[in-house]
Amino acid sequence: MNLYAVALGIAAACTGILLLVFPGYGLLLRILSRTRAPPEPPESAPTPPVTLIISAYNEEAVLEAKLQNALELDYPADALEIVVVSDASTDGTDRIVSEFAARDERVRLLRRDERRGKTSGLNAAMEQVRTPFVVFSDANAIYDPDAIHKLVRHFTDDKVGYVVGAAIYTDDPSTVGGRTEGRYWSKELRLKKLESDVSSVVGGDGAIYAIRAELYEPLRATDINDYVNPMQIITKGFRGVFEPDARCRERTTGSILQELRRKRRIVNRSFAGLLRTAAVLNPLRFGWFSVQVWLHKVLRWLSPLIAGFGLVAATAACFRYTWLVPVVATAWGLLLGLTLVLLGILPGRRLPVLAEGSYALGVAFSSARGILDLLRGEVTTTWETPRTEEGVERPLPLAATLGSLLMLLLPVAVVVGACTTGSRLWQEIAFIVAGIGMFGHFALYGGLLWLVNLLRGPAEPPPAMTQWPSVTLLVSAYNEEKVIEEKVRNALATRYPGRLEIVVASDGSEDDTDTLVRSYEDRGVRLFRNPVRTGKAGLLRRALESVTTDLVVLSDANALYEPDAVALLAGRFADPKVGAVTGNVRLEDPRVGPRGEEVWLARFEKVLLKLESAHGSTAGVDGAMVAARRELMPAYEDGTILDDFVLSMSVANTGRRVVYEPEARGWELSAPTLRGEYERRARILAGIFQLYARRIGLPLRRSRLVLRFLGHKVWRWCAPVYSICFALMVFVLFGPAWATALLAGGFVLLYALLAAWRGFRVAGLKMGYLLVYQIAAVGGLLRALRGRQSGAWRRTER
């Protein structure tokens, strides 16, 4: 069997499915709609009794306007009842409804004492409905005056079981999310109209749709009512129609990320509901409507998986069918471009086609994630309002995650391709790519920063501080009896013109750390003792609860400051755009001298921090000396390993700058043995994997910050992978004998250069440090995968 031909066939089949689902489905509906003439509803129809059910959870911001709108609808007052279902709201929602109910008997509040989700509330409301028809609505959906009349007139046709109105999203011109969601939804409304003309509209709309009350069946809490309920009605032999003139208007969330989260939840619950009503997928029973469900819902939700499978198959086929290379390269480029537009790295404002394409891509991936959530057994039951949703669900750092994966997998993919094809050209390209990855971080990223700063000119000097803020120097400690007294005395020697508090936070220390700190209480030093050891992040979160000063300076017990360091840090906050400041901590001890094996990397790190800080934010801070505004301090999670990195990115994600102050100096000892250095590095690298797993401490939607994160941090983190790829390509290109000689010769040459610079002992330590860093990367990965790295830190012997 020709595997390349099979791959080509899979790619062609996937492409055909995608063409059928997206442009093909709408075209097919247009053709069929011209062969069928749906019955027109009467212009003047009876106005039967109707119950308008409004679902609400913490909707005080919009509910008053919604109820006023409902009472002013052009529908007989004696035929309209308004029921607001409050899902245990904790704001002023219930109070607003009660005030309206006191003025108008048509309004009634149905409060749920325990929050159980929207569907559970609708079940309770439907038990009390006595009218023949029900209209379901959301609290932020404002109806046109004749909307309900336009809906219920269709029920003069006995075959109609539900009617869906047109929810019009009012675009906010200042947000890309508002414009893009509005345009996307207008296309969906056209599809609904065509479906209604041909057969039945697939699904309802929680903002505006009506049903015959007798057809309602109690739903499960995990069901999404405006999808499962219409499917149940279809199985009873009724049809659903779309009424484009029954309009309501609601604002989009304005944020693309929030809209995609909403899509994810909708698909998650809709797919779960589809499994409950799987009978509608049988075209032998439900005819063309089943085809609509497959094309409009099921295959569209699965489109990211189909597209990905097809693209991978097409890429594999390129190794045999070279004419496919331009097509596949264009597809990958288009996918990358749309992704960058979606993430906000490339502008799409002036090109609506790109913006809509990127949004459709985001919707597709959100749909796939909703289905994956379902496969993991996760189904959403409760909801947050779009007005308060921000901060409830942890945002997904798409740009940082995808960029990290690209930097990690690109050299691997190139090397695998080179080894698979046997092409000399591919092997040379792979050798260059791996070499750039291994050696280029220091020169390319640092050089690019230098060039950008040169073009932008010198940075403006920071403004002078006129009123000094209050500061808390917060020292984290665990079993630090050997150094804590020296640290406390060093802190007491600080020269600061404003109010300074000194707090030592002890994470359940088991030695004399707490006793030694208490001996300085009469000099203003305060001890915060965490009775149970939780790790540094948990310790900081608890200790910060009692901090009331304007600024917080975080320090380690072994980090000693120069007397004016705190003042120099605090002085940078005269600029209101600055949210955090990190200092210049040298890895040395004035009594012993520098630790040669680590200082060279630390010096380069300081150069990068200075270049990044000149025009923007740094991509990290030094946990031994970092100051931040108290209100910007993150709510650390227990077990977080890289608390200092979480702090820097949390501040930068708010739009404030994180800057470097080289004149704020301090010093600390590094680990005295390579074994200790391995433990420290493996812990750090395990913490890196934890950042991605927990989605914390990663940059969000700020393109410049994302690029600095990728260039400064991810490139360095990927160094062990690049090293393996480089060594492999050396063996492939030069053969085992020459490769061994070249690698050994390069190792000896590097050792000789270091020995000539700093002596043989220091050279050996530097080479050992490089090897330890590579090995620690693997150790950190294994710890992360096995979940064996604790968030509680071990004190390093010094």
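Basis of the calculations
- Residues numbered from 1 in each chain as written.
- Predicted model: local features only at pLDDT ≥ 70, side-chain atom pairs only at ≥ 80, totals over all residues.
- Heavy atoms only, no water.
- Helix = DSSP H or I, 4+ residues; strand = E, 2+ residues; numbered from the N terminus.
- Buried < 20%, exposed > 50% of the residue type's maximum accessible area, 1.4 Å probe, protein only.
- Areas by Shrake-Rupley, 256 points an atom, 1.4 Å probe, with all protein chains shown as cover.
- Salt bridge = Lys/Arg side-chain N within 4 Å of Asp/Glu carboxyl O.
- Pairing = 2+ DSSP bridges.
- Contact = heavy atoms within 4.5 Å.
- Expected span 1.5 Å × (residues − 1).
- Bend = angle between axes of the 7 residues up to and from the residue.
- Axes fitted to C-alpha atoms, helices over the stretch in contact; angles between N-to-C directions.
- Phe/Tyr/Trp six-rings, centres within 6.5 Å; stacked < 30°, edge-to-face > 60°.
- Polar contact = N/O pair within 3.5 Å; in protein donor to acceptor, adjacent residues only side chain to side chain.
- 1 Å grid on protein atoms, 1.4 Å probe; cavity = no way out; pocket = protein on both sides within 12 Å on 5 of 7 lines; lining within 4 Å.
- Points joined across faces, edges and corners; volume = space filled by probe spheres on them.
- Nonpolar A, V, L, I, M, F, W, Y, C, P; charged D, E, K, R; others polar.
- Patch = residues over 30% accessible without salt bridge, like charges linked within 9 Å, V, L, I, M, F, W, Y side chains within 5 Å.
- pLDDT = per-residue confidence, 0-100.
- Left-handed = near helix turned anticlockwise from the far one by under 90°.

Moving on: the overall build of the protein chain. On a plain count of helices and strands, the protein chain comes out with 25 helices and 17 strands. Looking at the protein chain residue by residue over its 798 residues, the buried ones come to 55%. Of the accessible surface of the protein chain, which amounts to about 35,900 Å², a share of 61% is contributed by carbon and sulfur atoms.

Following the criterion strictly, the structure yields 25 salt bridges and no others. E114 is the partner of R116 in a salt bridge, and the nearest nitrogen-oxygen pair spans 3.8 Å. Judged by its relative accessible area of 43%, R116 falls in the partly exposed class. D245 serves as the salt-bridge partner of R247, at 3.4 Å between the closest nitrogen and oxygen. Through salt bridges with shared partners, one network takes in D94, R111 and D113.

This part takes up the pairing of strand 8 (residues 239-251). Bridge analysis of strand 5 (residues 142-143) against strand 8 gives two bridges, and the strand direction is antiparallel. Directly across from I142, in strand 8, lies its bridge partner R249. The sheet contact formed by strand 6 (residues 160-170) and strand 8 spans 10 bridges and is parallel. In the strand pairing of strand 8, Y169 is matched with E250.

This part takes up the environment of W332. Along the chain, W332 turns up in helix 12 (residues 325-342). As a C-alpha pair, W332 and L311 span 21 residues in sequence and 8.1 Å in three-dimensional space. Ignoring any residue separated from it by four or fewer positions in sequence, one finds W332 in contact with L311 and T315.

Below, the discussion takes up helix 1 (residues 3-33). In an α-helix, one turn spans 3.6 residues, which is why side chains three or four residues apart end up on the same side. The terminal C-alpha atoms of helix 1 lie 42 Å apart, and with 31 residues this matches the ideal 45 Å at 1.5 Å per residue to within 8%. At G24, helix 1 is bent by approximately 55°, the largest bend along its length. Regarding helix 1, the residues found buried are A7, A11, C14, V21, G24, Y25, G26, L29 and S33.

To summarise the sheet geometry, strands pair through backbone hydrogen bonds and adopt either a parallel or an antiparallel arrangement. Spatial strand order, 3-2-1-4-7-6-8-5: eight strands in an open sheet with mixed pairing. The sheet is open, and its two borders are formed by strand 3 (107-111) and strand 5, each paired with just one other strand. Bridging between strand 2 (residues 80-86) and strand 3 involves five bridges; their strand directions are parallel. When the bridges of strand 3 are listed, V84 appears paired with L109. Contacts from helix 4 (residues 118-126) reach strand 1 (50-56), strand 2, strand 3 and strand 4 (133-138) within the one sheet, and its direction differs from that of strand 1 by about 150°. Running over the sheet, helix 7 (residues 225-235) touches strand 6, strand 7 (208-212) and strand 8 and is turned about 35° from strand 7.

It is worth spelling out the packing of aromatic side chains at this point. Enumeration over the complete set of coordinates arrives at eight aromatic pairs. Between W468 and Y496, the ring centres sit 5.7 Å apart and the planes meet at 80°, which makes this aromatic pair edge-to-face. Here the residue W468 occupies a position in the loop between helix 15 (424-456) and strand 9 (471-477), and Y496 occupies one in the loop between helix 16 (484-492) and strand 10 (500-507), the gap between them amounting to 28 residues. With a relative accessible area of 33%, W468 lands in the partly exposed category. Among the residues examined, Y496 registers a relative accessible area of 12% and is labelled buried.

What follows deals with the side chain of Q292. Note on placement: Q292 falls in helix 10 (residues 288-301). The buried category is assigned to Q292, whose relative accessible area is 0%. At a separation of 2.8 Å, a polar atom in the side chain of Q292 contacts the main-chain carbonyl oxygen of S200. In this view, Q292 contacts Y25, L29, E195, V198, S199, S200, V202 and K297; residues no more than four positions away in its chain are not counted.

It is worth spelling out empty space enclosed by the protein at this point. In this approach, a probe sized like a water molecule rolls over the atoms, and the result shows the empty space that is left. According to the stated counting rule, one finds one cavity of 30 Å³ or more in the structure shown. Residue composition of the lining of the largest cavity, by class: three nonpolar, two polar and one charged.

Here we come to a nonpolar patch on the surface. On the surface, W450, L451, L454 and L455 cluster together into a nonpolar patch covering about 470 Å² of accessible area. Its location among the elements puts W450 in helix 15.

Before going further, it helps to examine the side chain of D556. Within the fold, D556 resides in strand 12 (residues 551-556). In terms of polar contacts, D556 uses its side chain to reach the side chain of K536, at 2.8 Å. Dropping the residues within four chain positions of it, D556 is found in contact with V475, S476, K487, K536, G623, A624 and E668.

Quick look at the pairing of strand 16 (residues 625-629) now. Among the five residues in strand 16, five count as buried, and that is most of the element. Every second residue of strand 16 is oriented toward a common face, with M625, A627 and R629 on one face and V626 and A628 on the other, all of them buried. Across five bridges, the pairing between strand 12 and strand 16 is antiparallel. Each bridged residue has a counterpart across the sheet, and for S555 the counterpart in strand 16 is M625.

Scored by pLDDT, the protein chain has a mean of 81; 80% of the residues are at 70 or more. pLDDT under 50 marks residues 386-394. Its contacts with residues more than four places away, or in other chains, come to 18 contacts. Throughout residues 589-598 the model reports pLDDT below 50, and contacts reaching past four residues in sequence, or to other chains, amount to 25 contacts.

Okay, the packing of helix 1 against helix 10 next. Where helix 1 contacts helix 10, the axes come no closer than 10 Å and their chain directions differ by 145°. With respect to the hand of their crossing, helix 1 and helix 10 are arranged in left-handed fashion. Between helix 1, through I17, L20, V21, F22, Y25, L28, L29 and L32, and helix 10, the contact on the second element is made entirely by W288, Q292, L295, H296, L299 and R300. Each residue belonging to the contact of helix 1 with helix 10 can be placed in one class, and the counts come to 11 nonpolar, two polar and one charged.

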